Amino acid sequence: MDVCKEPTCPITETLAIIGGKWKPIIIWQLKESCLRFGELQRRIPNVSQKMLTQQLRELESDGIVHRKVYPVIPPKVEYSLTESGRTLLPILKEMARWGKAHVGIWHPEQ
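All figures in this text were calculated on a predicted structure; none of them were measured in a lab. (Residues numbered from 1 in each chain as written. Predicted model: local features only at pLDDT ≥ 70, side-chain atom pairs only at ≥ 80, totals over all residues. Heavy atoms only, no water.)

Caption draft 1: Structural detail: unusual backbone geometry. Residues Ile73 and Pro74 are joined by a peptide bond in cis, for which omega reads 0 degrees. Tracing the backbone through its elements, the reader meets Pro74 in the loop between β2 (65-70) and β3 (76-81). (Helix = DSSP H or I, 4+ residues; strand = E, 2+ residues; numbered from the N terminus.)

Caption draft 2: Structural detail: the environment of Trp98. Examined against the element boundaries, Trp98 turns out to sit in helix α6 (residues 89-102). Sequence spacing of Trp98 and Leu52 is 46 residues, and the spatial spacing of their C-alpha atoms is 25 Å.

Caption draft 3: Main features of the environment of Cys34. Positionally, Cys34 belongs in the loop between α2 (23-29) and β1 (35-36). Note on Cys34: relative accessible area 36%, which makes it partly exposed. Here the alpha-carbon distance between Cys34 and Lys68, two residues 34 residues apart in the chain, equals 9.5 Å. (Buried < 20%, exposed > 50% of the residue type's maximum accessible area, 1.4 Å probe, protein only.)

Structure, rendered in structure tokens:
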């Protein structure tokens, strides 16, 4: 059975949640522990503050990332993966394995 001929394609739905340049990288960075915004920004130096904020909000809205705000001054916020978010780690690990095996052999036509 072709899953993408169903009324809602599961691949399209998955990509709607984790697709894009930064979301998989954010999820991967949160795989081992919770991180503060600044720590995430240091680990992903090419992402702008605005884009990181937007992507974290979307991941939180989709139930992939949990945002914990501590009632202290200055504000302290930590991000971690939800149980649902953790289920994406095997997929990202497999993507990383595929990428390592195919680095340098993919040359799209220009």
